[in-house]
Structure formats: structure tokens, C-alpha cells
Amino acid sequence: MAEIQVMKNILGENDRVAAENQALFAEKNVYVINLMGSPGAGKTSVLEKTMEKLKDKLKMAVIEGDLFTSKDADRIEKHGVPVIQINTAGGCHLDAPMVQKVAQKLDLDDLDLLVVENVGNLVCPAEFAVGEDDKGVVLSITEGDDKKPMKYPLIFKESAIALLNKADLLPYCNFDMAAAKEDITTLHPGMDVIEVSCTKDQGLDAWCDWLLGRVAAKQKKGK
Ligand code: MG
Ligand code: ZN
């Protein structure tokens, strides 16, 4: 009982700060996506491709959540996009106060798109809003289990889009693409689902168009 109360208080405080972040991002007309997924699902690889395709079309920045290292942030930095690293020191998700702290270091007036790459984890990142407009989930088909959406329903219910990554490896994987998609849209009717491959550059233009549409919609709303 006491434990449940503690969890409620933590989430209440997180939601309060997330609302502050959201107000700031709205004022600055910055569209924010919170990108989640298991370790190794390919979040950073998707981001690298996204930067290649979009960095001349809009102004973007990345917040990298990582347990201990700056390996992913180093990969982002090579693309010439501003990146801020949050080391959670073992913490298994990002929360709103962490994002609030680092958002001050970004030039939000000069930004259209902010991607927050969450810590690799399919569970609690979905419970902690950081002030994003949308959540997105990256699921690799090499995770080998097309039942994953049903096992981790919250992350799919919370996300506006699912990227089924490493789709080029489908012939070598024991993964039923149709069944996975059906489970995802059963959990979250109307959710956007795109098959992508970073090595074969498949589906990534559709993903980037999706992002451009969201950014444009936010900027239109802000005017
Ligand atoms: Mg990563
Ligand atoms: Zn966690």
C-alpha cells in the first residue's frame, strides 16, 4: 500500500515537470519525440539515418539517454547535430526533471525538432513523460519474438508510431511480421507502423515524412 503511494507521488511530480517542459517546447515551437525501445533495437541507427535525411530540411537536436557511456552521443555528434548526453548512472529510464535540466543548454529558439533517445528498456520509459509531443517505439525483428507487443503493451499504447527495424533480416528471423503488426494495431488502433531497415535504407523516407508532418503541424499550431 505504502509502496503504491510512493509511486503515485513520483509520477505526480514527474507529470508536473513534464507539463512545464511541454509548455516551454510549445512556446518555442519545438516538436519533441521520445524514442523508446529495447537495447540493441537500433534507436541510434535510426537516428543517424534520420539526421542524414533531415538535417538540411530542419533544425534538429538530440538528447541521448544512456546508462553509463557516451557511445551513442558520440555517434550523433559526428553528424554535426547538437547532442546532449544524460547519464542516468544505472537508472533505467529518463524522467522529466532530467530533460528539464539539459533542455536549458539547447538553443530552443533555433530548433524545430528535438529527439529524446530514451534508455534501452521496453518497460518504464513508457511510464515517465518528459514533455514530448509524441512517443515512438523501435522494435527490432531480430528480437525474435513477434509476441513482444502483447508482452509490453503500455509502450505500444503510449506510442504514436512503431518502427519495425532490421526488416531486411526477415528471411533469416523467426518473426511473423503480419502477426506483430496485427497485435500492435489491436493494442493501439490507428497507430502508424512502418517497417524500416537502416542498412538497406528501407522505410526511412516514410518515417522522415511522418516526422516532417508532425513538426509542420506543431509549428502551424504555434502561429
Ligand atoms: Mg542507442
Ligand atoms: Zn526505469
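All of the points below concern the structure found in this document. Counting of residues starts from 1 at the beginning of each chain's written sequence and follows it residue by residue. Here the convention is simple: chains get letters from A, ligands get numbers from 1, in the order in which they are written. A pLDDT threshold of at least 70 governs which residues receive local features in this predicted model, and a stricter bar of 80 or more applies before side-chain atom pairs are shown or counted, although totals over entire chains, interfaces and linings include all residues. Computation of side-chain values: all heavy atoms of the structure, hydrogens and water removed.

**Side note on the pairing of strand β5 (residues 134-140)**
Link 1 in the chain: To sort residues, take the accessible area from a 1.4 Å probe on protein chains only and compare it with the maximum for the residue type: under 20% means buried, over 50% means exposed, and anything in between is partly exposed. Labels follow the DSSP assignment, with helices taken as runs of H or I lasting at least four residues and strands as runs of E lasting at least two, numbered in each case from the N terminus. Burial runs high along β5: seven of the seven residues are buried.
Link 2 in the chain: Both faces of β5 are covered, namely the face carrying D134, G136, V138 and S140 and the face carrying K135, V137 and L139.
Link 3 in the chain: Two strands qualify as a pair provided DSSP detects at least 2 bridges between them. Two strands pair when backbone bridges link them, and strand β1 (residues 31-37) and β5 are joined in this way by five bridges, in the parallel orientation. Paired with M36 across the strands is V137, a residue of β5.

**Here we look at the packing of helix α1 (residues 2-27) against helix α4 (residues 96-103)**
Link 1 in the chain: The axes used here are C-alpha line fits, helices contributing only the stretch in contact, and every angle between their N-to-C directions lies in the interval 0 to 180 degrees. Contact geometry for α1 and α4: axes closest at 8 Å, N-to-C directions at 35°. At the point where α1 passes α4, the crossing takes the left-handed sense. Only A96, P97, V99, Q100 and A103 of α4 make contact with α1, whose side of the interface consists of N14, V17, A18, E20, N21 and F25.
Link 2 in the chain: The residue classification treats Ala, Val, Leu, Ile, Met, Phe, Trp, Tyr, Cys and Pro as nonpolar and Asp, Glu, Lys and Arg as charged. All others, Gly included, are polar. In terms of residue class, the contact of α1 with α4 is built from seven nonpolar, three polar and one charged. Two helices crossing with the near one rotated counterclockwise from the far one by less than a right angle form a left-handed crossing, whereas a clockwise rotation gives a right-handed crossing. In what follows, a contact means two residues having at least one pair of non-hydrogen atoms within 4.5 Å.

**Considering the coordination of the magnesium ion (ligand 1)**
Link 1 in the chain: Coordinating donors are taken as N, O and S atoms within 2.8 Å of the metal, stretched to 3.2 Å for Na, K and Ca; because water is absent from the atoms, sites can appear incomplete. Around the magnesium ion (ligand 1), the protein contributes the donor atoms T44 (OG1), D72 (OD) and E117 (OE), at 2.0 to 2.1 Å from the metal centre.
Link 2 in the chain: One chain supplies every donor to the magnesium ion (ligand 1), and in sequence these donors are spaced T-x27-D-x44-E. Note that D72 is positioned in helix α3 (residues 71-77) and E117 in strand β4 (residues 113-117), a separation of 45 residues in sequence.
Link 3 in the chain: The exposure class of D72 is buried, given its relative accessible area of 17%.

**Quick word on the nonpolar core**
Link 1 in the chain: We call a set of buried Ala, Val, Leu, Ile, Met, Phe, Trp, Tyr and Cys residues a nonpolar core when their side-chain atoms join them within 4.5 Å. By size, the foremost hydrophobic cluster in this structure holds 30 residues, and its most contacted members are L113 and W207.
Link 2 in the chain: Elements represented by at least two residues in this core include exactly β1, α2 (43-54), β2 (60-66), α3, β4, β6 (159-165) and α8 (204-222).
Link 3 in the chain: When residues of this core are assigned to their parent elements, the largest contribution, six residues, is made by α8.
Link 4 in the chain: Beyond its immediate sequence surroundings of up to four residues, W207 is in contact with I33, L35, V46, T50, I161, L163 and I194.

**Regarding the coordination of the zinc ion (ligand 2)**
Link 1 in the chain: Bound to the zinc ion (ligand 2) on the protein side are C92 (SG), H93 (ND1) and C124 (SG), at distances that span 1.9 to 2.2 Å.
Link 2 in the chain: Going along the chain, you hit the donors of the zinc ion (ligand 2) in the pattern C-H-x30-C.
Link 3 in the chain: With relative accessibility at 35%, the residue C92 sits in the partly exposed group.
Link 4 in the chain: Overall, H93 belongs to the buried group, its relative accessible area being 16%.

**Description of α1**
Link 1 in the chain: An expected span of 1.5 Å times one less than the residue number is assigned to each helix. Between the first and last C-alpha of α1 there are 38 Å, a value that for 26 residues agrees with the 38 Å anticipated at 1.5 Å per step.
Link 2 in the chain: When α1 is considered as a whole, its buried residues turn out to be N14, V17, A18, N21 and F25.
Link 3 in the chain: Buried residues along α1 sit in contact with β1, α4, β4 and α8.
Link 4 in the chain: Backbone geometry just downstream of α1 places N29 in the positive-phi region, at approximately 60°.

**Quick notes on the sheet that holds strand β3 (residues 83-87)**
Link 1 in the chain: The strand order across the open sheet formed by seven strands is β3-β2-β4-β1-β5-β6-β7, and the pairing between neighbours is parallel. Taken across any chain shown, the strands that pair with only one partner, and hence form the sheet edges, are β3 and β7 (192-195). Pairs of neighbouring strands in the sheet enclose a mean axial angle of 20°, with direction left out of account.
Link 2 in the chain: Its contacts with the sheet put helix α7 (residues 177-187) on β6 and β7, and the angle it makes with β7 is roughly 160°.

**Looking at unusual backbone geometry**
Link 1 in the chain: Residue N29 is not a glycine yet carries a positive backbone phi of 60°.
Link 2 in the chain: Secondary-structure assignment places N29 in the loop between α1 and β1.
Link 3 in the chain: Looking at N29, the relative accessible area reads 21%, which means it is partly exposed.
Link 4 in the chain: In this structure, D201 takes a positive phi of about 50° despite not being glycine.
Link 5 in the chain: As for its position among the elements, D201 is in the loop between β7 and α8.
Link 6 in the chain: Among the residues examined, D201 registers a relative accessible area of 38% and is labelled partly exposed.

No statement about biological role is implied by the geometric values presented.
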